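One-letter residues, chain by chain:
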Amino acid sequence: MPTQQELTRVKIRDAAIEQMARRGYAVPLRAIADAAGVSLGLINHHFGSKEGLRQVCDDHVLGLIASVKSDSLRGSAVEAMANLSRIDEFVVPTAYCLRAIAAGGASARRVVDHFTADAEEYVAAAVADGTLRPSVDERARIRLMTLQGFGALQLYFSLRAGSDEEFSPSELAGLIDDYVREHGLALVELYTFGVFAQPDLFNAYVASAPAPGEPSDPSPTAQERA
């Protein structure tokens, strides 16, 4: 059975996640304390600082989403998208990640790096069983899809409302539902059938670009050009 201290830590952590998802990653520590019904001193006692609290929240949110994705992606891609868009527990963690990405810096890199690394195992399994086509640079493809996925959703949120606006969980769920309804079919079509009918552009790019993982040639300096 959890101790009282463990229960208090969980209460503070969960309040912090919801407040950051609602109001942004820079929400004052006082607002988190009020939402959790504790003192600022108790937060510092358990987490050391706001950065320490953020780290614990990051770890919990990313672990939760990884678990949800792992369970949902055992079915088809369409079923996975439909399931994720309807899981209540997924709404606040998704908003939390968007807030962290909007904050930039180490927080954004932590989210993107986690999603990239987390996807590698189940993407490899999907390639092995024929669900996904193999890529010439799998890690780069996964990272690009992560950037595109979060970037598109972040931009959609910004277009619908300011990045500093507070959202309730139901409003966040509504925005995510709207996004899936408006763009879900196009996204599935894009990933299923692609865009170009012929491989000409890909072949031309491969012929002129460095091999995956190799650095491109640096631009010549003014002295070298002379």
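Residues numbered from 1 in each chain as written. Predicted model: local features only at pLDDT ≥ 70, side-chain atom pairs only at ≥ 80, totals over all residues. Heavy atoms only, no water.

1. Considerations on the overall build of the chain
Link 1 in the chain: For the chain, the count of helices and strands is eleven helices and zero strands.
Link 2 in the chain: Moving toward the C terminus, one meets the helices and strands of the chain in the order α-α-α-α-α-α-α-α-α-α-α.
Link 3 in the chain: Here the chain holds 226 residues, and 31% of them are scored as buried.
Link 4 in the chain: Long-range pairs, those at least 24 residues apart, make up 65% of the contacts in the chain between residues at least 6 apart in sequence. (Helix = DSSP H or I, 4+ residues; strand = E, 2+ residues; numbered from the N terminus. Buried < 20%, exposed > 50% of the residue type's maximum accessible area, 1.4 Å probe, protein only. Contact = heavy atoms within 4.5 Å.)

2. What about the packing of aromatic side chains?
Link 1 in the chain: If you walk through the whole model with that rule in mind, you get three aromatic pairs.
Link 2 in the chain: Ring geometry for Tyr-25 versus Tyr-96: centroids 5.7 Å apart, planes at 70°, classification edge-to-face. Here Tyr-25, found in the loop between α1 (4–23) and α2 (29–36), pairs with Tyr-96, found in helix α6 (residues 88–103); they are 71 residues apart in sequence, far enough to count as distant. Tyr-96 shares its class with Tyr-25; the two are buried.
Link 3 in the chain: Note on Tyr-156 and Tyr-179: the rings are 5.3 Å apart at their centroids and 65° apart in plane angle, and the pair reads as edge-to-face. With Tyr-156 in helix α8 (residues 138–160) and Tyr-179 in helix α9 (residues 169–193), this residue pair connects regions lying 23 residues apart in the sequence.
Link 4 in the chain: For Tyr-179, a relative accessible area of 17% corresponds to the buried category. (Phe/Tyr/Trp six-rings, centres within 6.5 Å; stacked < 30°, edge-to-face > 60°.)

3. Some details on the packing of α2 against helix α3 (residues 40–47)
Link 1 in the chain: Two elements in contact, α2 and α3, have axes whose closest approach is 9 Å; the angle formed by their N-to-C orientations is 95°. Classified by the angle their axes make, α2 and α3 are roughly perpendicular. Taken together, the residues of α3 that come into contact with α2 (itself represented by Leu-29, Arg-30, Ile-32 and Ala-33) are Leu-40, Ile-43 and Asn-44. (Axes fitted to C-alpha atoms, helices over the stretch in contact; angles between N-to-C directions. Parallel < 35°, antiparallel > 145°, perpendicular 65-115°, else oblique.)

4. Looking at the UniProt feature "DNA-binding region" (unreviewed entry) in the chain
Link 1 in the chain: Look at the UniProt record and you will see "DNA-binding region" (unreviewed entry) annotated at residues 28–47.
Link 2 in the chain: Between the end C-alpha atoms of residues 28–47 there is a gap of 15 Å, over a span that is 80% helix and 0% strand. (UniProt positions renumbered as here; feature names shortened; annotations may be inferred.)

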